[in-house]
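Structure assessment
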Amino acid sequence: MRTITEIIIHCTATRPNAICTVESIRRYHRSLGWRDIGYHYVIYPDGSIHQGRPVEQSGAHTEGHNAHSIGIAYVGGLDADGCPADTRTPLQRLALLQLVQDLMEEHNVTAIHGHNEYAAKACPCFDVQQWCKENNL
């Protein structure tokens, strides 16, 4: 098993009501030449958590940070006009918190970051550091 020290949170950059599944993300990522979906987990608007790439494998979600991180994406991140927005549903918020807490307990996670802390992107469209403080992570 690889050493995991970090969780990086993403969004799928999709509008409300967009059909976005692990399989559709996998197809898109493979079309880019990747071997699989880049994220380890995807959280649907109904709060269900779906496995993407196996945690035992390095992800393909944040350049320079994949070897020791787990990538989590929530479906959403754009408003109806296509502008970046925190579109997490209450069920996604709850599922994300529970998943992060579970992963922190299971692995030696010492850091939680948003993708935007490493790349010039809005993703995940909310302040992960503030969220961590609010949730005592």
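Report follows, based on the coordinates. (Residues numbered from 1 in each chain as written. Predicted model: local features only at pLDDT ≥ 70, side-chain atom pairs only at ≥ 80, totals over all residues. Heavy atoms only, no water.)

Quick notes on the nonpolar core
Put simply, the rule is: Residues belong to a common nonpolar core when they are buried Ala, Val, Leu, Ile, Met, Phe, Trp, Tyr or Cys residues joined through side-chain atoms within 4.5 Å. Only protein chains enter the accessibility calculation, which uses a 1.4 Å probe; a residue whose area is less than 20% of its type maximum is buried, one above 50% is exposed, and one in between is partly exposed. Only DSSP runs of H or I reaching four residues or more are called helices, and only runs of E reaching two or more are called strands; each is numbered from the N terminus. Whether two residues are in contact is decided by their heavy atoms: any pair within 4.5 Å suffices.
Judged by nonpolar contacts, the single largest core of 24 residues is most densely connected at Ile-7, Ile-9, Ile-72, Leu-96, Val-100, Ile-112 and Trp-131. The set of elements that each furnish at least two residues to this core consists of strand S1 (6-11), strand S2 (41-43), strand S4 (69-74), helix H2 (90-106) and helix H3 (128-134). Ranked by residue count, the leading element in this core is H2, at 6 residues. In this view, Val-100 contacts Ile-7, Ile-9, Ile-72, Ile-112, Trp-131 and Leu-137; residues no more than four positions away in its chain are not counted. Counting 9 residues, the second-largest nonpolar core is a separate cluster that includes Cys-20, Val-22, Ile-37 and Val-42.

Observations concerning the sheet that holds strand S5 (residues 111-114)
Going by this rule: Strands pair, by our definition, only if DSSP identifies at least two bridges between them. Only C-alpha atoms enter the line fits that serve as axes; for helices the fit covers just the stretch in contact. Angles between N-to-C directions range over 0 to 180 degrees.
Strand order in the open sheet formed by 5 strands is S3-S2-S4-S1-S5, and the pairing between neighbours is mixed. Edge positions in the sheet fall to strand S3 (49-51) and S5, since each of these pairs with one other strand and no more. Averaged over all neighbouring strand pairs, the angle between strand axes comes to 25°, with direction disregarded. In terms of strand pairing, S1 meets S4 through 6 bridges, oriented parallel.

Quick notes on helix H1 (residues 22-31)
We count it as follows: Read the arc as the range of directions from the helix axis to the C-beta atoms.
If you check which residues of H1 are buried, you get Val-22, Ile-25, Arg-26 and His-29. Looking straight down H1, one finds that the buried residues subtend no more than 105° of arc, so they occupy a single side. Turned more than 90 degrees away from the buried face of H1, the exposed residues are Arg-27, Tyr-28 and Ser-31. Turning to H1, the residues buried within the fold contact S2 and S3. A positive backbone phi angle near 95° is found at Gly-33, which sits one or two residues after H1.

What to know about the side chain of Glu-6
The following threshold applies: For the purpose of charge, His is not counted, nor are the chain termini; Lys and Arg are scored as positive and Asp and Glu as negative. Should a side-chain nitrogen of Lys or Arg be within 4 Å of a carboxyl oxygen of Asp or Glu, the pair is scored as a salt bridge. Counting of polar contacts relies on pairs of N or O atoms within 3.5 Å, with two restrictions inside protein: one atom must be capable of donating a hydrogen and the other of accepting it, and residues adjacent in sequence are counted only when both atoms are side-chain atoms.
Looking at the secondary structure, you find Glu-6 in strand S1. Summary of buried charges: Glu-6 has no salt-bridge partner, and the nearest side chain of opposite charge, Arg-2, is 9.1 Å away. Side chain to side chain, Glu-6 and His-65 meet in a polar contact 3.4 Å long. For Glu-6, the residues in contact, after removing those within four places along its chain, are His-65, His-68, Ser-69, Ile-70, Val-109, Ala-111, His-113 and Tyr-118.

Some thoughts on the layout of surface pockets
Applied cut-off: Space inside and on the surface of the protein is sampled on a 1 Å grid over the protein atoms alone, with a cavity defined as a set of points where a 1.4 Å probe fits but cannot get out and a pocket as an open set with protein on both sides within 12 Å along at least 5 of 7 lines; lining residues have an atom within 4 Å of a point. Grid points are joined across faces, edges and corners, and a volume is the space filled by probe spheres set on the points. Here the term charged refers only to Asp, Glu, Lys and Arg, the term nonpolar to Ala, Val, Leu, Ile, Met, Phe, Trp, Tyr, Cys and Pro, and the term polar to all other amino acids, Gly among them.
In this structure, the largest pocket occupies an estimated 470 Å³ of space. In terms of lining, the largest pocket is formed by 23 residues, of which the most central are His-29, Trp-34, Tyr-39, His-115 and Lys-121. When residues of the lining of the largest pocket are traced back to their parent elements, those giving at least two are S1 and H1. If you tally residues by element for the lining of the largest pocket, the top one is H1, at 4 residues. Looking at the lining of the largest pocket residue by residue, the classes come out as 13 nonpolar, 8 polar and 2 charged.

Purely geometric stuff here, so don't read any function into it on its own.
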